[in-house]
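Notes for the structure review
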Amino acid sequence: ETKLAFRIRESGVVDVHGAVVNGTPDATIVTLPEGYRPNYPTAELIRGINTGSGDNVIGWVRLSSDGTIAVESDGQIDIAVIVAQFFLDLPVPEGA
């Protein structure tokens, strides 16, 4: 089960918050609509729980430029909590 919310802020930052329960590893869990997609691939660390062992598992949420979002990890994540932010366009330092 996937429950995600997303919004775009005026500054060009997209927030993605929610949870994935018993998802398939590395599978697309949602595709963001046009206008909410970054123009570059990015990833953020997340914390998950393996309900069988009770262990905390570190993973990452991968956001691709086509708008797909997937949860990946080196261990079994049964519940993943996602709190991610990303820019639509990579920030460029002034004068660069």
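Our subject is the structure that appears above.
For the structure given in this document, a descriptive report is provided here.

Basis of the calculations
Residues numbered from 1 in each chain as written. Predicted model: local features only at pLDDT ≥ 70, side-chain atom pairs only at ≥ 80, totals over all residues. Heavy atoms only, no water. Helix = DSSP H or I, 4+ residues; strand = E, 2+ residues; numbered from the N terminus. Buried < 20%, exposed > 50% of the residue type's maximum accessible area, 1.4 Å probe, protein only. Contact = heavy atoms within 4.5 Å. Areas by Shrake-Rupley, 256 points an atom, 1.4 Å probe, with all protein chains shown as cover. Lys, Arg positive; Asp, Glu negative; His and termini not counted. Charge placed at Lys NZ, Arg CZ, Asp CG, Glu CD. Pairing = 2+ DSSP bridges. Phe/Tyr/Trp six-rings, centres within 6.5 Å; stacked < 30°, edge-to-face > 60°. Axes fitted to C-alpha atoms, helices over the stretch in contact; angles between N-to-C directions. 1 Å grid on protein atoms, 1.4 Å probe; cavity = no way out; pocket = protein on both sides within 12 Å on 5 of 7 lines; lining within 4 Å. Points joined across faces, edges and corners; volume = space filled by probe spheres on them. Nonpolar A, V, L, I, M, F, W, Y, C, P; charged D, E, K, R; others polar.

Concerning the overall build of the chain
Within the chain, the secondary structure is distributed over 0 helices and 7 strands. Helices (α) and strands (β) of the chain occur, in sequence order from the N terminus, as β-β-β-β-β-β-β. When the backbone C-alpha atoms are referred to their principal axes, the chain occupies close to 50 × 25 × 20 Å. In the chain, buried positions account for 31% of the 96 residues. When contacts within the chain are restricted to residue pairs at least 6 apart in sequence, those whose partners lie at least 24 apart make up 59%. Working note: accessible area of the chain is about 5900 Å², and carbon and sulfur atoms make up 52% of it. With 6 positive and 13 negative side-chain charges, the chain shows a separation of 6 Å between the mean positions of the two kinds.

Section: the pairing of strand 1 (residues 2-8)
Where strand 1 meets strand 2 (residues 13-21), 7 bridges bridge the pair, whose relative direction is antiparallel. By the bridge assignment for strand 2, Lys3 is matched with Ala19. Two successive antiparallel strands, strand 1 and strand 2, enclose a turn made up of 4 residues, where Gly12 displays a positive phi of approximately 85 degrees.

Some thoughts on the packing of aromatic side chains
A full pass over the atoms with the stated rule returns 1 aromatic pair. Measuring from centroid to centroid gives 5.3 Å for Phe6 and Tyr36, while their planes differ by 75 degrees, and the two rings are edge-to-face. Here Phe6, found in strand 1, pairs with Tyr36, found in the loop between strand 3 (28-31) and strand 4 (42-49); they are 30 residues apart in sequence, far enough to count as distant. For Phe6, a relative accessible area of 33% translates into the label partly exposed.

Looking at the sheet that holds strand 6 (residues 68-73)
Here 7 strands make up an open sheet; going across it, the order is 1-2-7-4-5-6-3 and the pairing antiparallel. At either margin of the open sheet sits one strand with a lone partner, and together these are strand 1 and strand 3. Taking the axes of each pair of neighbouring strands and ignoring which way they run, one obtains an average angle of 20 degrees across the sheet. Relative to strand 5 (residues 56-63), strand 4 runs antiparallel, the two being bridged by 8 bridges. When the bridges of strand 5 are listed, Ile46 appears paired with Gly59.

What about the layout of surface pockets?
A volume near 170 Å³ is recorded for the largest pocket. If you go around the largest pocket, you meet 16 residues; those closest to its centre are Gly23, Thr24, Pro25, Val71 and Ile77. Looking at the lining of the largest pocket, the elements with two or more residues in it are strand 6 and strand 7 (79-87). Examining the composition of the lining of the largest pocket, we find that 3 residues originate from one element, strand 6, more than from any other. Here the residues of the lining of the largest pocket are counted per class, giving 7 nonpolar, 6 polar and 3 charged.

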